[in-house]
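Fold and geometry: a report
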Amino acid sequence: MTRFLLFISIIVMCASCGNGGGGNFSDTTSTLVVADTCAVIFHPAGNKLTYLKNTFNKNSFAAMEQTNNATLAADSTYLAKLGIKIISTSRVKLKFHKKNGEDIDINLMHEKYAWEIFLFDSFNDPVKADLTDIETAVQEAGIR
């Protein structure tokens, strides 16, 4: 049953990749501009993935990557059930454009980022979600 749910979660996540034009996993250098309420799901690729592989124990990296991808898939399923727009990306430069005209830039090449979800309501700063507690993160972000 768990494998079936994981399979369904991955299908939902892959299907949502086209939303917002952010599903291009090969383009890691351009900036993704986000102006609408959504969840941005970051999957490391390219230089960022290489950096992570070199930073963490090579013996345990595959398991860590699999766990993080499964967690992102489960979180994506939860967000989709809430009707939240999902943008999946591997771009390392994000620009969140708030309704008041202010921009918040995030460079995911920084060492503190790996697999991430940012929740954005377009009025406030984006909230970096705790992947293990997506329900609380949605509440904190005020996304309805």
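A brief structural summary. (Residues numbered from 1 in each chain as written. Predicted model: local features only at pLDDT ≥ 70, side-chain atom pairs only at ≥ 80, totals over all residues. Heavy atoms only, no water.)

Moving on, we come to the sheet that holds strand β6 (residues 116–120). Where strands meet in a sheet, backbone hydrogen bonds hold them as pairs that are either parallel or antiparallel. Reading across from one edge, β3-β2-β6-β7 is the order of the four strands in this open sheet, with mixed pairing throughout. Single-partner strands in this sheet number two, and they are β3 (86–89) and β7 (127–128). In the sheet, strand β2 (residues 38–42) pairs with β3 via four bridges, with the strands oriented parallel. Residue pairing across strands places Val 40 opposite Ile 87, the latter belonging to β3. Packed on one face of the sheet, helix α4 (residues 134–141) meets β6 and β7 and runs near 30 degrees to β6. (Pairing = 2+ DSSP bridges. Helix = DSSP H or I, 4+ residues; strand = E, 2+ residues; numbered from the N terminus. Contact = heavy atoms within 4.5 Å. Axes fitted to C-alpha atoms, helices over the stretch in contact; angles between N-to-C directions.)

For the coordinates displayed, the defined rule picks out four salt bridges. The residue Glu 102 makes a salt bridge to Lys 98 at a minimum N-O spacing of 3.1 Å. With a relative accessible area of 37%, Glu 102 lands in the partly exposed category. Looking at Lys 98, the relative accessible area reads 7%, which means it is buried. A salt bridge links Lys 98 to Asp 125; the shortest N-O distance between them is 2.9 Å. Within this pair, whereas Lys 98 is found in the loop between β4 (93–97) and β5 (103–107), its partner Asp 125 is found in the loop between β6 and β7, the two being separated by 27 residues in sequence. (Salt bridge = Lys/Arg side-chain N within 4 Å of Asp/Glu carboxyl O. Buried < 20%, exposed > 50% of the residue type's maximum accessible area, 1.4 Å probe, protein only.)

Positionally, Glu 116 belongs in strand β6. Overall, the relative accessible area of 4% leaves Glu 116 in the buried class. A polar contact is formed between the side chain of Glu 116 and the side chain of Lys 128, at a distance of 3.1 Å. Not counting residues within four places of it along the chain, the set of residues in contact with Glu 116 comprises Val 40, Ile 41, Phe 42, Leu 72, Lys 128 and Leu 131. (Polar contact = N/O pair within 3.5 Å; in protein donor to acceptor, adjacent residues only side chain to side chain.)

Before going further, it helps to examine the nonpolar core. Among the nonpolar cores identified, the biggest contains 21 residues, and Leu 79, Trp 115, Ile 117, Leu 119 and Ile 134 are the most heavily contacted of them. At four residues, α4 tops the list of elements feeding residues into this core. In this structure Leu 119 touches Cys 38, Ala 39, Leu 79, Pro 126, Val 127, Ala 129, Ala 137, Val 138, Ala 141 and Ile 143, once residues within four positions along its chain are discounted. With 15 residues, the next largest nonpolar core counts Val 34, Ile 87, Val 92 and Ile 106 among its residues. (Core = buried A, V, L, I, M, F, W, Y, C linked by side-chain atoms within 4.5 Å.)

The element β2 is largely enclosed, with a buried count of five among its five residues. In β2, alternate side chains face the same way, and those of Cys 38, Val 40 and Phe 42 on one face and Ala 39 and Ile 41 on the other are all buried. Pairing of β2 with β6, which is carried by five bridges, proceeds in the antiparallel orientation. Pairing of Ala 39 across the sheet is with Leu 119, part of β6.

On to the pairing of β4. Burial along β4 is one-sided: Leu 94 and Phe 96 are buried, and none of Lys 93, Lys 95 and His 97, which face the opposite way, are. In the sheet, strand β1 (residues 31–34) pairs with β4 via four bridges, with the strands oriented parallel. Bridge assignment links Thr 31 to a residue of β4, and that residue is Lys 93. Alignment of β4 against β5, held across five bridges, turns out to be antiparallel. When the bridges of β5 are listed, His 97 appears paired with Asp 103. Remark: five residues form the turn of the hairpin made by β4 and β5, two consecutive strands paired antiparallel; Gly 101 in that turn has positive phi of roughly 95 degrees.

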